[in-house]
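Chain by chain, the residues run as shown.
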Amino acid sequence: MDSLSLSVIFDALFLLLAANGAPVLLSALAGPYAMKPIDGGLRLSDGNPLFGAAKTWRGLFAACAATPVAAYVLGHGPLTGLFVAAGTLCGDLLASFCKRRLGMEEGRHVRGLDTVPESLFPLLMVKSSLGIGWLEIVISVGAFYLIEEWLSPVLVKWRLRKHP
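Residues numbered from 1 in each chain as written. Predicted model: local features only at pLDDT ≥ 70, side-chain atom pairs only at ≥ 80, totals over all residues. Heavy atoms only, no water.

Draft legend 1. Spatial organisation of the nonpolar core. Counting 18 residues, the largest nonpolar core has Leu15, Val84, Leu123, Leu130 and Ile132 as the members making the most contacts within it. Within the residue set of this core, elements represented by two or more residues are α1 (3-30), α2 (57-73) and α6 (134-157). When residues of this core are assigned to their parent elements, the largest contribution, eight residues, is made by α1. Setting aside residues up to four positions removed in sequence, Leu15 forms contacts with Thr67, Ala70, Ala71, Leu74, Val84 and Leu130. (Core = buried A, V, L, I, M, F, W, Y, C linked by side-chain atoms within 4.5 Å. Buried < 20%, exposed > 50% of the residue type's maximum accessible area, 1.4 Å probe, protein only. Helix = DSSP H or I, 4+ residues; strand = E, 2+ residues; numbered from the N terminus. Contact = heavy atoms within 4.5 Å.)

Draft legend 2. Expanded view of the pattern of salt bridges. Within the structure shown, the criterion is met by four salt bridges. A salt bridge links Lys55 to Asp92; the shortest N-O distance between them is 3.0 Å. Linking Lys55 in the loop between α1 and α2 with Asp92 in helix α3 (residues 78-101), this pair joins segments that are 37 residues apart in sequence. For the salt bridge of Glu149 with Arg111, the shortest nitrogen-to-oxygen distance reads 3.0 Å. Remark: Arg111 occurs in the loop between α3 and α4 (116-125) and Glu149 occurs in helix α6; sequence separation between them is 38 residues. (Salt bridge = Lys/Arg side-chain N within 4 Å of Asp/Glu carboxyl O.)

What follows is the structure, encoded as structure tokens:
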């Protein structure tokens, strides 16, 4: 792998971590302030929430504010960061929707489902603007999965997150 590929993978991971980390950090700083769920508390016919109380407008705002800044710092356009944030949030909401339909309680970790959509969707959305190829996407999704698997328990231990 040449250095260009490593640089693109680093940028992809940095943007994914910014999009996923901003809501966690803001939650740790702000506590319960402005915790309005995106689904408005809506429950579907199965009795479970559409997404759940942990998917908040505050988290969406945090990701959409932080990721364009991260993209700019890396030398990419802020719109690239916004697309990464949007793709990450769509993947995260899809995972939450699936888990709620399966009757899983909020905070339950499902390997792969919790990381693959929220890393794959955004990278597909910014494939051309990041200049990332298919191999770099696969490596980035795999690396993001491993980082999340390692980092999640650490964040719980540091009380920045309630569930792994």
